[in-house]
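In case you want the letters, here they are:
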Amino acid sequence: MRVPFPARGPGRWSRLLASAVAAVLVIALLPGGTASAAAPSYPHQNISWGPCWWYTSDLGGLVPECASVTVPRDWANPGAGPTLTIAISRIRATDQARRKGILLLNPGGPGGSGTSLGWELSLAHPDVAARYDLIGMDPRGVGDSTNLECDAPVDQVNAIVGYDNRDLSAPAVAARQALEKLQADACAANPLTRYINTWQTTHDMDLIRAQLGEAKLNYLGYSYGTWLGAKFAAVFPGTAGKIILDSNTGWMDNLSSTWEVMPVAVQRRYEEQFLPWAARNPFFSPVVGTTPVQVNSLYEQDRAAYAAFHRRLGDGNDFGNLIDANLFASMYSEIGLAVGAFVLGGVKMCLIDSNPASNAEFETCLLGYLIKVINYLNGSQLAAGIGPALQQVGAQLSGRAPATGVPGAHPYTLASLKAAARTATGDTVPVDGVFDAVRCGDGGLWHSASWYVNYARKFGPQYYLGAYAISQETCSYWTLPTQPLPNPDARVSGPIVTVQNELDPATAYENTSRNVAQYQDARLIAVDDAGDHGAYAIGGNPCVDDAVDAYLNDDVVPPAHTVCGAVPLLFEDAVHPVPGPVDAKTPPKAVHAVLIDPRIQRMLDELIR
């Protein structure tokens, strides 16, 4: 239960009036202008907890338990249509005498599975696991919950020609737009799609709270999970407990704006941290370059050589996109820095320097370089976390594993969808529709297809790691009804604790700045010179972890503005300050790095997208 805040601002009657006004606003935004179906009114369920299929005893830690709850397909009309199943997990608080309630977790996406997140957080922060039941959830449409799958016709997918994202010629634009429309139409044909959105999920969350017998739902969300958590506080201010949002979307703005500023954010991380880091690293720099300019120049050389190699093999014209996608994904995490350097170094050594005659020769060389990198990493405490990531990317580059596109930006590139179509056994190829169903279904200022093409033309040369890919936007072709959401109101929702790394590549710091400016009781924990996507429980930064833990465990509300210093980057002993948007007037608190088990760090990095 949240500790009451000191009285301030409007008097008691003014606050009551504000609460009533906020409730009216929420009701007005529900389908048909009618009141939301309250979760407690849905029939009580006897939740049957049992083993989690994904957990085995060799994983160690606290043993999770899993169950499912039944929810209406449509909370606006609970009695109509089939019901859905929502998968949940639980790690029981280990100190029942001091138990404070439940803490529901979401890793982002949209479309991220959260059932294992509570178990992983319990490994990283056993003190939080002592005080809270950690509740994981696969949101509707995801994982072990009722799935949303959109079926795209195989013949239509195969008829579309692939192009390099930097090619903005008329045929290339038409091909990409045909893919986006095909995906939007495939999802529109599934009757479940219109019920996969944030508004519906907030009601599922409140049902889970009620079925577990809790008065309040405390919440920790990352990335898209910040949007979900803020909207839960807006739709259910009376049952929202402590809300902690890490790596923030523009949850006081429009969801589309978060994606529009992403190319700026990922380019900032790439230019201001990755390039200098790679040039400083004693192992990678002899191969990739000893200055940021040289490393960036190699990226362009690698991209051209890799695309030309696959054109020569007759594989298509869009393989330069895979270099972009892997570098983009590498910007998300500390472990990713080594992955990005491996991509640049491996392609240089095994294509530019070696000029292989076949993919088999390229693969053999790449495996040799992979072994050298892993041997170097064996001296690092993070080797166990980095090794699997390197092997996965090496398999993608050598064609032994399919590429999945740019995480968080656009999960289905034409190349990956066409690869799936080639191996399809029926007339359709399945497309996971949750990513677009939630983004597009939440409504907002999604623009026309031509707007995104013009964005790519204008900003691609400057923000080339992500701006060219933004020309592919499914929401431009969305035809299903949308469900707008209210913003949280500090007068009824209370404080929201936001955590934000300065150089986050996926959720730009500008999102947080606007949230804090608009939400009157935001408590910001900013991390100067830090660039990972995700801070709390992941980055080994005690300034961040202590502040959030104090709020969760001891009800110590953070001040309005806290700036934490960063911890050194991978393989380094000192922080190298870089320019960025964090308020320079507030000196950061000095910190020291705390080692996180590399297995835990990699698992959390993989989840939070």
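Only a predicted model underlies this, so the values are computations on that prediction, with no experimental measurement involved.

Enquirer: What is the right way to read the overall build of the protein from this model?
Expert: Assigned secondary structure in the protein consists of 22 helices and 12 strands. Of the roughly 22,600 Å² that the protein leaves accessible, carbon and sulfur atoms contribute 56%.

Enquirer: What exactly am I supposed to notice about unusual backbone geometry here?
Expert: Most of the time, phi is negative for any residue but glycine, and the peptide bond is trans. The omega torsion of the bond from Gly 109 to Pro 110 falls at 0 degrees, within 30 degrees of zero and hence cis. Inspection of the secondary structure assignment puts Pro 110 in the loop between β4 (101-106) and α2 (117-124). Unusually for a residue other than glycine, Ser 247 sits at a positive phi of about 70 degrees. Structurally, Ser 247 is set in strand β8 (residues 240-248). Relative accessible area serves as the criterion here: at 1%, Ser 247 is assigned to the buried category. The phi dihedral of Asn 355 is positive, around 50 degrees, even though this residue is not glycine. Inspection of the secondary structure puts Asn 355 in the loop between α13 (334-352) and α14 (359-377). Here Asn 355 falls in the exposed class, since its relative accessible area comes to 59%.

Enquirer: Mind showing me how you'd approach the environment of Gly 136 here?
Expert: Among the secondary structure elements, Gly 136 is positioned in strand β5 (residues 132-138). A residue is classified by how much of its surface remains accessible, and Gly 136, at 0% relative accessible area, is buried. Note: C-alpha distance between Gly 136 and Arg 90 (46 residues apart in sequence) is 6.4 Å. When residues no more than four places from it in sequence are discounted, the contact partners of Gly 136 are Ala 87, Ile 88, Ser 89, Gly 114 and Thr 115.

Enquirer: Could you clarify how one ought to interpret empty space enclosed by the protein in this entry?
Expert: Over the atoms rolls a probe the size of a water molecule, and its path tells where empty space is left. All told, the structure shown has eight cavities of 30 Å³ or more when counted by the stated rule. As for the largest cavity, its lining consists of 22 residues, of which Ala 530, Gly 531, Asp 532, Ala 566 and Val 567 are closest to the centre. Partitioning the lining of the largest cavity into residue classes produces 10 nonpolar, seven polar and five charged.

Enquirer: How do you make sense of helix α5 (residues 170-188) when you look at a structure like this?
Expert: One turn of an α-helix holds 3.6 residues; hence residues three or four places apart share an orientation. The terminal C-alpha atoms of α5 lie 26 Å apart, and with 19 residues this matches the ideal 27 Å at 1.5 Å per residue to within 8%. What α5 keeps buried is the set Ala 172, Val 173, Ala 175, Arg 176, Leu 179, Glu 180, Leu 182, Gln 183, Ala 184, Ala 186 and Cys 187.

Enquirer: What is the right way to read the pattern of salt bridges from this model?
Expert: Oppositely charged side chains can pair when the atoms bearing their charge come close. Under the criterion given, the structure shown has 22 salt bridges. Here Asp 95 makes a salt bridge to Arg 98, at a shortest N to O gap of 2.8 Å. Given a relative accessible area of 22%, Asp 95 falls into the partly exposed group. Judged by its relative accessible area of 47%, Arg 98 is partly exposed.

Enquirer: In this structure, what is going on with the packing of helix α11 (residues 292-312) against α13? I would like to understand it.
Expert: Any two packed helices are characterised by how steeply their axes cross, that is the angle between the axes, and by the distance between the axes. At a minimum axis distance of 9 Å, the contact between α11 and α13 shows a crossing angle of 50 degrees. Of the possible angle classes, the one that applies to α11 and α13 is oblique. The element α11 and its partner α13 pack so that their crossing is left-handed. Contact residues: α11 offers Val 295, Leu 298, Tyr 299, Gln 301, Asp 302, Ala 305, Tyr 306 and Phe 309, while α13 offers Val 343, Leu 344, Val 347, Lys 348, Leu 351 and Ile 352.

What counts and how
Note that residues are indexed from 1 along each chain, following the sequence as it is written. At least 70 in pLDDT is required for a residue's local features to be given in this predicted model, at least 80 for side-chain atom pairs to be given and counted, and no such filter applies to totals for whole chains, interfaces and linings, which use all residues. Calculation of side-chain values draws on the structure's entire complement of heavy atoms; hydrogens and water are dropped beforehand. In DSSP terms, a helix is any run of H or I states spanning at least four residues, a strand is any run of E spanning at least two, and both are numbered starting from the N terminus. Per-residue and other accessible areas follow the Shrake-Rupley method at a 1.4 Å probe size, with only the shown protein chains counted as cover for residues. Throughout, exposure labels follow a simple rule: accessible area from a 1.4 Å probe, protein chains only, divided by the maximum for the residue type, with under 20% read as buried, over 50% as exposed, and the rest as partly exposed. Note on contacts: a residue pair is in contact if any heavy atoms of the two residues lie within 4.5 Å. Points on a 1 Å grid over protein atoms alone make up a cavity when a 1.4 Å probe fits among them but cannot get out, and a pocket when they form an open set with protein on both sides within 12 Å along at least five of seven lines; lining residues each have an atom within 4 Å of a point. Grid points are joined across faces, edges and corners, and a volume is the space filled by probe spheres set on the points. Under the convention adopted here, Pro, Cys and the residues Ala, Val, Leu, Ile, Met, Phe, Trp and Tyr are nonpolar, Asp, Glu, Lys and Arg are charged, and Gly plus all remaining residues are polar. To estimate how far a helix should extend, the number of its residues minus one is multiplied by 1.5 Å. Any Lys or Arg side-chain nitrogen found within 4 Å of a carboxyl oxygen on Asp or Glu counts as a salt bridge. Structural elements are reduced to axes, namely lines fitted to C-alpha atoms, with helices fitted over the stretch in contact, and the angle between N-to-C directions of any two is expressed from 0 to 180 degrees. If an angle is under 35 degrees, it is roughly parallel; if it is over 145, roughly antiparallel; if it lies from 65 to 115, roughly perpendicular; otherwise it is oblique. Crossing handedness is read from the near helix: turned anticlockwise from the far helix by less than a right angle, it gives a left-handed crossing, and turned clockwise, a right-handed one.

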